[in-house]
Amino acid sequence: MKIVMLEPLGVSREFMEPRVQPLLDAGHEFVYCDSKLTVDEKKSAIRDAEILIIANGPLTEEILLCAEKLRMISVGFTGIDHVALDTCREKGITVCNAQGYATDSTAELAIGLMLACLRNIVPYDSVVRSGGTLAGYTHNTLRGKTVGIVGTGAIGTRTGELAKAFGCRVLGFNRSEKEAAIRAGIEYCDLETLFRESDIVSLHIPYTADTEHLVNSELIGKMKETAILINCARGPVVDSEALAKALNDGRIAAAGIDVFETEPPIPQDHPLLHAKNAILTPHVGFYSEESLAERFDIVLDNVKAWLDGAPINVKLL
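Residue numbering note: each chain is counted from 1, following its sequence as written. Where totals are concerned, whole chains, interfaces and linings use all residues; where local detail is concerned, this predicted model gives features only for residues with pLDDT of at least 70, and gives and counts side-chain atom pairs only at 80 or more. Water and hydrogen atoms were dropped before computing side-chain values, which therefore reflect all heavy atoms in the structure.

Focus on the sheet that holds strand β4 (residues 72–75)
Paired through backbone hydrogen bonds, the strands of a sheet run either parallel or antiparallel to each other.
Item 1. Any two strands with at least two DSSP-identified bridges between them are counted as paired. To qualify as a helix, a DSSP run of H or I must reach at least 4 residues; to qualify as a strand, a run of E must reach at least 2; elements of each kind are numbered from the N terminus. Ordered by their spatial adjacency, 6 strands build an open sheet running β2-β1-β3-β4-β5-β13, and the pairing between neighbours is mixed. Among the strands making up the open sheet, the edge pair consists of β2 (29–31) and β13 (314–316). In this sheet, neighbouring strand axes are inclined to one another by 20° on average, regardless of whether the strands run parallel or antiparallel.
Item 2. Bridge count for β4 against strand β5 (residues 94–96) is 3 bridges, and the pairing is parallel. Within β5, the position partnered with Ile-73 by the bridge is Val-95.
Item 3. Strands β1 (2–5) and β2 of the sheet are contacted by helix α1 (residues 13–25), whose axis makes an angle of about 150° with β2.
Item 4. Throughout, a residue-residue contact means that at least one pair of heavy atoms, one from each residue, lies within 4.5 Å. Orientation is described by axes fitted as lines to C-alpha atoms, over the contacting stretch for helices, and by angles from 0 to 180 degrees between their N-to-C directions. Seen against the sheet, helix α12 (residues 289–307) touches β1, β2, β3 (51–54), β4 and β5 and runs at an angle of roughly 155° to β4.

Some details on empty space enclosed by the protein
Item 1. Residues are said to line a cavity or pocket when one of their atoms sits within 4 Å of a point; the points come from a 1 Å grid over protein atoms alone, cavities being sets where a 1.4 Å probe fits but cannot get out and pockets being open sets with protein on both sides within 12 Å along at least five of seven lines. Grid points are joined across faces, edges and corners, and a volume is the space filled by probe spheres set on the points. Going through the model one piece at a time under the given rule, you end up with 1 cavity of 30 Å³ or more.
Item 2. The space that makes up the largest cavity amounts to roughly 30 Å³.
Item 3. Asn-231, Gly-235, Val-238, Ser-240, Leu-243, Ile-257, Val-259 and Leu-272 are the residues that line the largest cavity.

Some words on the pattern of salt bridges
Item 1. The working definition used for a salt bridge is a side-chain nitrogen of Lys or Arg within 4 Å of a carboxyl oxygen of Asp or Glu. By the definition in use, this model includes 16 salt bridges.
Item 2. The closest approach of N and O atoms between Asp-48 and Lys-2, which form a salt bridge, is 3.0 Å. Taken as a pair, Asp-48 in the loop between α2 (39–46) and β3 and Lys-2 in strand β1 lie far apart in primary sequence, 46 residues in all.
Item 3. A salt bridge links Arg-158 to Glu-161; the nearest nitrogen and oxygen atoms lie 3.1 Å apart. Pair noted here: Arg-158 and Glu-161 are both in helix α7 (residues 154–165), with a separation of 3 residues, about one helical turn.

Some details on the nonpolar core
Item 1. Counting residues in each nonpolar core, the largest one holds 48 residues, and the members touching the most others are Phe-30, Ile-46, Leu-52, Ile-53, Leu-59 and Ile-73.
Item 2. Sorting the residues of this core by element identifies β1, α1, β3, α3 (61–64), β4, β5 and α12 as the ones contributing at least two each.
Item 3. For this core, the element with the most residues is α12, which contributes 7 residues.
Item 4. Setting aside anything within four residues of it in sequence, one finds Leu-59 in contact with Leu-6, Ile-46, Leu-52, Ile-54, Leu-64, Ile-73, His-82, Val-83 and Ala-84.
Item 5. Counting 29 residues, the second-largest nonpolar core is a separate cluster that includes Ile-220, Leu-229, Leu-243 and Leu-247. Residue types Ala, Val, Leu, Ile, Met, Phe, Trp, Tyr and Cys, when buried and joined through side-chain atoms within 4.5 Å, form a set referred to as a nonpolar core. For the exposure calls, accessible area comes from a 1.4 Å probe over protein chains only, and a residue counts as buried if that area is under 20% of its type's maximum, exposed if over 50%, partly exposed in between.

So, the layout of surface pockets
Item 1. Here the largest pocket defines a volume of roughly 1100 Å³.
Item 2. If you trace the largest pocket, you find 42 residues lining it, with Thr-78, His-204, Ile-205, Pro-206 and Tyr-207 closest to the centre.
Item 3. Listed by contribution, the elements that provide at least two residues to the lining of the largest pocket are α5 (103–119) and α7.
Item 4. The residue classification treats Ala, Val, Leu, Ile, Met, Phe, Trp, Tyr, Cys and Pro as nonpolar and Asp, Glu, Lys and Arg as charged. All others, Gly included, are polar. Considering only residue class, the lining of the largest pocket consists of 17 nonpolar, 18 polar and 7 charged.

Side note on the environment of His-204
Item 1. Among the secondary structure elements, His-204 is positioned in the loop between β9 (200–203) and α10 (217–220).
Item 2. Judged by relative accessible area, His-204 falls into the buried class, the value being 12%.
Item 3. Measuring from C-alpha to C-alpha, the distance between His-204 and Ala-310 comes to 29 Å, with 106 residues separating the pair along the chain.
Item 4. The residues touching His-204, leaving out its near neighbours within four places in the chain, are Ala-110, Ile-149, Val-150, Gly-151, Ile-155, Gly-156, Thr-159, Cys-232 and Ala-233.

Let's talk about the sheet that holds β9
Item 1. Read from one edge to the other, the open sheet built from 7 strands follows the order β8-β7-β6-β9-β10-β11-β12, with strand pairing classed as parallel. Each end of this open sheet is capped by a strand with a single partner; those strands are β8 (187–188) and β12 (278–280).
Item 2. Of the pairings in the sheet, the one linking strand β6 (residues 146–150) to β9 comprises 4 bridges and is parallel in character. Its bridge partner lying in β9, Gly-148 is registered against Val-201.
Item 3. Where α7 meets the sheet, it contacts β6, β7 (169–173) and β9, and its direction lies at approximately 170° from that of β6.

Points about the packing of α5 against α7
Item 1. Orientation of α5 relative to α7, taken along the N-to-C sense of each, is 50°, at an axis distance of 8 Å. Judged by the angle between their axes, α5 and α7 are oblique. Both α5 and α7 take part in a crossing whose hand is right-handed. Contact with α5, carried on its side by Thr-103, Asp-104, Thr-106, Ala-107, Glu-108, Ala-110, Ile-111 and Met-114, involves Ala-154, Ile-155, Arg-158, Thr-159, Leu-162 and Ala-163 of α7 and no other residues of that element.
Item 2. In terms of residue class, the contact of α5 with α7 is made up of 8 nonpolar, 3 polar and 3 charged. By the definition adopted for this analysis, an angle is roughly parallel if under 35 degrees, roughly antiparallel if over 145, roughly perpendicular if from 65 to 115, and oblique otherwise. A clockwise turn of the near helix away from the far one marks a right-handed crossing, whereas an anticlockwise turn of less than a right angle marks a left-handed crossing.

Written out as structure tokens, the structure reads:
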């Protein structure tokens, strides 16, 4: 089988090579990717690939239609909405993801953004450098706050566990209640109650047709004026225009945003770039040395399991 990496996975060749060697020993071909490819380069690379390894770059119908031999895709990401799944379905391509590799990394960023908003960490850096003091800022602790977790999968539940360790009450909303979340001390409620009662709302839901702009002006309007919104999930689940307006009007206190409608760099006219009290990070929730190493191992395990006829982490079969 010809296995093609279509984009880098954030780990070195020295890390990858010993892990790939068993595949080479078994007679498979492995094509590494060390830099981002253009669409035309992807079309060329995919042409005779039988197995693809990708991260979170768009894998469009246009690209997939060039893959005449493709049978399996191992996605180095949790979400798969960047893959043309209808085309995969039509072509009978199995799609597997890297569920779980970034659970701790993303949950820790969510907590970090909460603390940054509550303790003014970002503006204080500029204040100190310009000779200022703490005057003019409010100061709040995470302890004692009510944190609402929207989406209690692995990442949401882990974020809830960390919030509990800080001494927070944790509310949760999910399509179905999860036993692991209940064991972690998360109290389930409806979405409106969660937004109304939470001091901090942290989003951990996938992007689907049902969740697009789930967090809109109406839902944001139910939040406390002192509340904080955290989004380490997917950009389009939040109406950015509505959030920016709420921040600028003082309807909510702050926001910590790691994801946008498109991958960074973000267009300079994006509303959140000009919103008050918004802390923005360039989609780094999944990104740590530890999580990227684990991701590569999962991606390769997906390939090996599929080759053995017992696929794992299957999202589309």
